[in-house]
Protein chains: 2
Amino acid sequence: MPYFDAASSAPLHPVAREALLASLDEGWADPARLYREGRRARLLLDAAREAAAEAVGCRPDELVFTPSGTQAVHSGIFGTLAARRRVGRQLLHSAVEHSSVLHAAEAHEAAGGTVTEIAVDRTGRVTAGDVAAALRPDTALVCLQSANHEVGTEQPVEEVAELCQEAGVPLLVDAAQSLPWGPAPGAWSVMTASSHKWGGPPGVGLLAVRKGTRFSPQGPRDERESGRSPGFQDLPAIVAAAASLRALRAAAGTGPDEAARLRRLVDLIRIRVPELVPDVEVVGAPVHRLPHLVTFSCLYVDGEALLHELDRLGFSVSSGSSCTSSTLTPSHVLRAMGVLSEGNVRISLPYGTPETDVDRFLEVLPEAVRSVRDRLGVPTAAAPDPAGAGVEETGGDETGAEESGAEESGLVLDTLGKRCPIPVIELAKVIDEVPVGDTVTVLSDDEAARQDIPAWCTMRDQEFVGERSAPGGTAYVVRRRA
Amino acid sequence: MPYFDAASSAPLHPVAREALLASLDEGWADPARLYREGRRARLLLDAAREAAAEAVGCRPDELVFTPSGTQAVHSGIFGTLAARRRVGRQLLHSAVEHSSVLHAAEAHEAAGGTVTEIAVDRTGRVTAGDVAAALRPDTALVCLQSANHEVGTEQPVEEVAELCQEAGVPLLVDAAQSLPWGPAPGAWSVMTASSHKWGGPPGVGLLAVRKGTRFSPQGPRDERESGRSPGFQDLPAIVAAAASLRALRAAAGTGPDEAARLRRLVDLIRIRVPELVPDVEVVGAPVHRLPHLVTFSCLYVDGEALLHELDRLGFSVSSGSSCTSSTLTPSHVLRAMGVLSEGNVRISLPYGTPETDVDRFLEVLPEAVRSVRDRLGVPTAAAPDPAGAGVEETGGDETGAEESGAEESGLVLDTLGKRCPIPVIELAKVIDEVPVGDTVTVLSDDEAARQDIPAWCTMRDQEFVGERSAPGGTAYVVRRRA
């Protein structure tokens, strides 16, 4: 049963399992105690710290273990912000950071700090220039992920680290998604990661703070982990996390190149899906990306229904569509990229995924999408158009979201109360009836429409005129081009 | 090799080990996901929550899993204080709470809150009357452990819960030490516990918040665990924690009474140690106490040296003596009780400890203490005096620490620069030279002397006149009685 959601949580690596078992018998005592069980636990902890530090590319005394990647991010952000308080309280982060960064930023803002979000292009990438432009004398911290967890796009971490260093501003790199494939590049100040993303057990995050970075741990003091992560260490999990990370590095250095192999499988998905399925947008950077992750969105598809269909067929994938989130809003990553969110599918291949699993996925996907579309009563799909489906690595098309001052006329489609992908489907159904050069107005109260109607226009080469508030929701105006 | 430090961390229970292994294969996926691996993880998580809630005595939706007992305490305290902010900001706690409570209280005070410590008697117990007297209209929260982690004394949790309920003030019960033996009694509002104390794996704490208790989680928001504990759940550890707690309860309900068996072993230690070793004080409540824990202190003994000696002999125990702490201050628990801190040994028997281990401990202890005393050049010890060594359950002798206005005369012992137990040893060496009714003044800059000189006076039936600051340290004045 193919599991294609390694970016959420990877199955336990065999080395992690083995190390966990071994350390259950040796690693349950308190490493702060002086008796033999404590000394044995301390040795295990020290060895795990050394192994993990080597894989991270830092000194052992710069690295602490936290109970999760989320807590590493929270501690890393608040510890740095507090130490920089006299400099200022501006926190800069990209618009596509993990929710743990966004939620820490919200808390910072609620406590009187300021937060500036750095926009990304249509591939999900910030530019170093935009980061440089956002730096201010009161900038306390910049947060930039090494690679995006939803679309796989790598960020220009090295360049940003360099300009941060020049400006004397610390850079926190959330390396949760990339650490399985190699250390985060560049002269970062703080780095965070999460064990269960690389096949280690859950319950272990990494927080590295480079010497020379001012850092004031927040919250109640605690003696463990240099005062940076309170609570009794989960030593068996820590040992297993470190052992599996070291095993990944060793395999990458000596064995067949697993990253390259997965990259070929992902390339296959990137090329074949738009050929096999009509009206698909593959999102994320085509070149500068994680080896194992690919995301695409299918027009006129209900993401939740597609996930269920794929699950029924034996494939576990995730989605950033609004209907798969508890808040009924599309993924903030897809929103920041300005790309289609409906029918969204993220594939992230675990280490060792057999090629046959990917082949079979490509076999079943077209029928899965078709069956969801059929149930929704989608207009006959246009022929697959692979040329129009990809995105450019650079450039970042502007979504035509500027407000139009002109009065629009013509057809009004009331889709109030209807959820994604219905508003877009209704629009697609009527567009042929609209005279060329005339407009159609879609009324919708669905959060996904704000993103998906402009995205549809881009994909279908129609003009998105703009949006304005309307009774009960928002009016989205589209002009028929051809 | 007998391990007698279950109160720090208990060896993994066989059921925990088994459940951990089983859930490694089923429990690595994200329980928030909709595909089969996620659903399977969710089922495991729900079952673990139900089992743990039953053992705790609360509803499953009142219980969340945290990464440690420490984090459960921190979240429990700050979540309750924040929700009660409009009522007031006074936090009440006993003087003998776990450091996680004390550190949270410090942080609360640093943030502008007020903290009131409730004193304990010589057995380490608060009285409900003292708690009632400390309640104020602005009291936001009362924290009281179910039983003390260093001396085993049980607190009057039921009584205090009742009076808190009458006053409309929430009570947080830290049940870390007692939960292995049964649910915390009384109508508490918030309860915390820690898995590795009952033989579950590290990495799991419990936080229960009873319905009707106002609670506002602090820190960045997070969707997991009802927003009360951020970060990806360590599901294999959670499953193992719940399974082992359930196994303990089942064994207690049907099998031989392990608590009663350990209590008998502890009683043996309580009785035999003062018979076998001269100048010992057994501390903590003799009746209302944890079944598996006993603490005693040995006059004229360096705690660290005794720990090393016992470790060499194969026994792992802990100590609250100043020389075994990184800060060179005695345990705050022993200090609050006003009992001797030098040569302190805590024994906490893990589940299943064989009686022969205890017998052998009693065999080797006298020689271990003697060898440490010999190395320190201790005056010939008095005959063992078991009658004088115990403490009363009630009453709480006052330590004679009041300041004396009268000028003292006589001998001055300069022990500046010398650490515990040297000042007390020097005092014992000279006391016979002091005329009855006359005083001897001990100059010391050792933090432990503040506690151990009065405790020595109580044990030796000498009068502690008082202390005053002196150049380079403190002058402790003792009057010879007989």
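No experiment lies behind these values; they were computed from the predicted model shown.

1. Quick notes on the overall build of chain A
Then, in step 1: Regarding its fold elements, chain A presents 14 helices and 14 strands.
Then, in step 2: For 482 residues, the compact-globule estimate of 2.2 N^0.38 gives 23 Å, and chain A sits close to it at 24 Å.
Then, in step 3: Each principal axis of the C-alpha distribution contributes one length, and for chain A these read about 85 × 55 × 35 Å.
Then, in step 4: Taking all 482 residues of chain A together, 61% fall into the buried category.
Then, in step 5: In chain A, 73% of the contacts between residues at least 6 apart in sequence involve partners at least 24 apart.
Then, in step 6: For chain A, the exposed area adds up to about 17900 Å²; of that, 50% sits on carbon and sulfur atoms.

2. Overview of the relation of the copies chain B and chain A
Then, in step 1: Expressed as a screw transformation, the operator carrying chain B onto chain A has a rotation angle of 180 degrees and an axial translation of 0.0 Å, and the superposed copies differ by an RMSD of 0.0 Å. Such values leave the two copies arranged in the relation of a two-fold axis.
Then, in step 2: Here 100% of the contact residues of chain B are again contact residues in chain A; the copies associate through an equivalent surface.

3. Here we look at the side chain of B:H149
Residues and elements named next belong to chain B.
Then, in step 1: Of note, H149 is situated in the loop between β4 (139-145) and α6 (157-167).
Then, in step 2: Judged by relative accessible area, H149 falls into the buried class, the value being 10%.
Then, in step 3: Once residues lying within four places of it in the same chain are set aside, the contact partners of H149 are A7, V96, E97, H98, Q177, L293, V333 and R346.

4. Regarding helix α1 (residues 14-26) of chain A
Residues separated by three or four positions in an α-helix point in the same direction, a consequence of the helix having 3.6 residues per turn.
Then, in step 1: With 13 residues, α1(A) extends 19 Å from end C-alpha to end C-alpha; this agrees with the ideal 18 Å at 1.5 Å per step.
Then, in step 2: The secondary structure elements touched by the buried residues of α1(A) are α2 (36-56) and α7 (235-254) of chain A together with α1 (14-26) of chain B.

5. A short note on the interface of chain B and chain A
The parts lose accessible area when they come together, and the size of an interface is often stated as this lost area.
Then, in step 1: Taken together, the contact pairs 55 residues of chain B with 55 residues of chain A.
Then, in step 2: For the chain B and chain A pair, buried surface summed over both sides reaches about 4600 Å², with 57% attributable to carbon and sulfur atoms.
Then, in step 3: Taken together, the connections running from chain B to chain A amount to 10 salt bridges.
Then, in step 4: Residue A:D311 pairs with B:R39 through a salt bridge whose shortest N-O separation is 2.6 Å.
Then, in step 5: In this structure, the connection of chain B to chain A is made through 29 residue pairs in polar contact (both at pLDDT 80 or more).
Then, in step 6: Of all the elements in the fold, those that place two or more residues in the side of chain B that touches chain A are α1, α2 (36-56), α3 (69-83), α4 (99-110), α7 (235-254) and α9 (303-312) of chain B.
Then, in step 7: Broken down by element, the residue count for the side of chain B that touches chain A peaks at 5 residues, all from α1(B).

6. Some thoughts on the UniProt feature "domain: UPF0033" (unreviewed entry) in chain A
Then, in step 1: With numbering aligned to this structure, UniProt lists the feature "domain: UPF0033" (unreviewed entry) at residues 413-437 of chain A.
Then, in step 2: The span residues 413-437 of chain A carries 36% helix and 8% strand; its end-to-end C-alpha distance comes to 17 Å.

7. Brief notes about the domain arrangement of chain A
Residues and elements named next belong to chain A.
Then, in step 1: Along its sequence, chain A is organised into domain 1 (14-252), domain 2 (258-389) and domain 3 (411-479).
Then, in step 2: Relative to domain 2, the C-alpha centre of domain 1 lies at a distance of 30 Å.
Then, in step 3: The partner domain 2 presents 23 residues to the 23 residues of domain 1 that form the contact.
Then, in step 4: Taken together, the two surfaces of domain 1 and domain 2 that pack against each other cover about 1900 Å², and 61% of this comes from carbon and sulfur.
Then, in step 5: Looking at the side of domain 1 facing domain 2, the largest losses of area belong to R122, E150 and W181, adding up to 38% of the total buried there.
Then, in step 6: Across the domain 1-domain 2 interface, the total number found is 1 salt bridge.
Then, in step 7: In this structure, the salt-bridge partner of R122 is E281, at a minimum N-O distance of 2.7 Å.
Then, in step 8: Counting every contact that joins domain 1 to domain 2 gives 10 residue pairs in polar contact (both at pLDDT 80 or more).

8. Focus: the sheet that holds strand β10 (residues 344-348) of chain A
Residue and element names in this part refer to chain A.
Then, in step 1: If you walk across this open sheet you meet the 3 strands as β8-β9-β10, and the pairing is antiparallel. The open sheet terminates on both sides in strands that have one partner only, identified here as β8 (280-283) and β10. When strand polarity is set aside, the average angle formed by the axes of neighbouring strands in this sheet is 20 degrees.
Then, in step 2: Both β8 and strand β9 (residues 293-298) contribute to a ladder of 4 bridges, which runs antiparallel.

9. Some details on the packing of aromatic side chains
Residues and elements named next belong to chain A.
Then, in step 1: For the structure on display, the rule yields 10 aromatic pairs over all chains.
Then, in step 2: Here F315 and F361 contribute two aromatic rings whose centre-to-centre distance is 5.4 Å and whose plane-to-plane angle is 65 degrees, an arrangement assigned as edge-to-face. Here F361 lies in helix α11 (residues 355-376) and F315 lies in the loop between α9 (303-312) and α10 (332-337), a separation of 46 residues in the sequence.
Then, in step 3: The class of F315 is buried, set by a relative accessible area of 0%.

10. Notes on the pattern of salt bridges
All names here are of chain B.
Then, in step 1: On inspection of all chains with the given rule, the structure shows 60 salt bridges over all chains.
Then, in step 2: The salt bridge partner of R42 is D46, with a shortest N-O separation of 3.7 Å. Of the two residues, R42 and D46 are both situated in helix α2; the distance of 4 residues between them amounts to about one turn of the helix.
Then, in step 3: The partly exposed category is assigned to D46, whose relative accessible area is 31%.

11. Considering the environment of B:G284
Residues and elements named next belong to chain B.
Then, in step 1: Structurally, G284 is set in the loop between β8 (280-283) and β9 (293-298).
Then, in step 2: For G284, a relative accessible area of 0% translates into the label buried.
Then, in step 3: Residues G284 and E150 lie 134 residues apart in sequence; the distance between their C-alpha atoms is 8.6 Å.

12. Here we look at the pairing of strand β2 (residues 90-94) of chain A
Residues and elements named next belong to chain A.
Then, in step 1: Within β2, 5 of the 5 residues are buried, which leaves it mostly tucked inside the rest of the structure.
Then, in step 2: Where burial is concerned, the two faces of β2 agree: the one with Q90, L92 and S94 and the one with L91 and H93 are both buried.
Then, in step 3: In this sheet, strand β3 (residues 114-118) lies alongside β2 in parallel orientation, the contact comprising 5 bridges. Counted as the bridge partner of L91 is V115 from β3.
Then, in step 4: For the crossover from β2 across helix α4 (residues 99-110) to β3, the handedness is right-handed.

13. Re the side chain of A:H196
Residue and element names in this part refer to chain A.
Then, in step 1: With respect to the element layout, H196 can be found in the loop between β6 (190-194) and β7 (205-209).
Then, in step 2: The buried category is assigned to H196, whose relative accessible area is 5%.
Then, in step 3: Reaching out from H196, the side chain makes a polar contact with the side chain of S9 at a distance of 2.9 Å.

14. Topic: the sheet that holds β8(B)
Residues and elements named next belong to chain B.
Then, in step 1: With antiparallel pairing, 3 strands are arranged side by side in an open sheet as β8-β9-β10. In this open sheet, the two strands that pair with only one neighbour each are β8 and β10 (344-348). Adjacent strand axes in the sheet meet at a mean angle of 20 degrees when their direction is disregarded.
Then, in step 2: Sheet topology places β9 next to β10; 5 bridges connect them, and they run antiparallel. When the bridges of β10 are listed, L293 appears paired with S348.

15. Regarding the pairing of β9(B)
Then, in step 1: Of all 6 residues making up β9(B), 6 are buried, and the element is well covered by its neighbours.
Then, in step 2: The alternating pattern of β9(B) places B:L293, B:T295 and B:S297 and B:V294, B:F296 and B:C298 on opposite faces, both of which are buried.

16. So, the packing of helix α13 (residues 422-430) of chain B against helix α14 (residues 449-460) of chain B
All names here are of chain B.
Then, in step 1: Their axes nearest at 9 Å, the elements α13 and α14 cross at an angle of 35 degrees. Relative to α14, the crossing made by α13 is right-handed. For the pair formed by α13 and α14, the contact residues are V424, L427 and A428 on the first element and D452, I453 and W456 on the second.
Then, in step 2: Tallied by class, residues from the contact of α13 with α14 come to 5 nonpolar, no polar and 1 charged.

Each value, and the rule that gives it
Residues numbered from 1 in each chain as written. Chains lettered and ligands numbered in written order. Predicted model: local features only at pLDDT ≥ 70, side-chain atom pairs only at ≥ 80, totals over all residues. Heavy atoms only, no water. Helix = DSSP H or I, 4+ residues; strand = E, 2+ residues; numbered from the N terminus. Rg over C-alpha atoms; globule rule 2.2 N^0.38 Å. Buried < 20%, exposed > 50% of the residue type's maximum accessible area, 1.4 Å probe, protein only. Contact = heavy atoms within 4.5 Å. Areas by Shrake-Rupley, 256 points an atom, 1.4 Å probe, with all protein chains shown as cover. Least-squares fit on C-alpha atoms with pLDDT ≥ 70 in both. Expected span 1.5 Å × (residues − 1). Buried area = accessible area lost by both parts, 1.4 Å probe. Salt bridge = Lys/Arg side-chain N within 4 Å of Asp/Glu carboxyl O. Polar contact = N/O pair within 3.5 Å; in protein donor to acceptor, adjacent residues only side chain to side chain. UniProt positions renumbered as here; feature names shortened; annotations may be inferred. Domains from an automatic or database assignment. Pairing = 2+ DSSP bridges. Axes fitted to C-alpha atoms, helices over the stretch in contact; angles between N-to-C directions. Phe/Tyr/Trp six-rings, centres within 6.5 Å; stacked < 30°, edge-to-face > 60°. Right-handed = clockwise from strand over helix to strand, strands pointing away. Left-handed = near helix turned anticlockwise from the far one by under 90°. Nonpolar A, V, L, I, M, F, W, Y, C, P; charged D, E, K, R; others polar.

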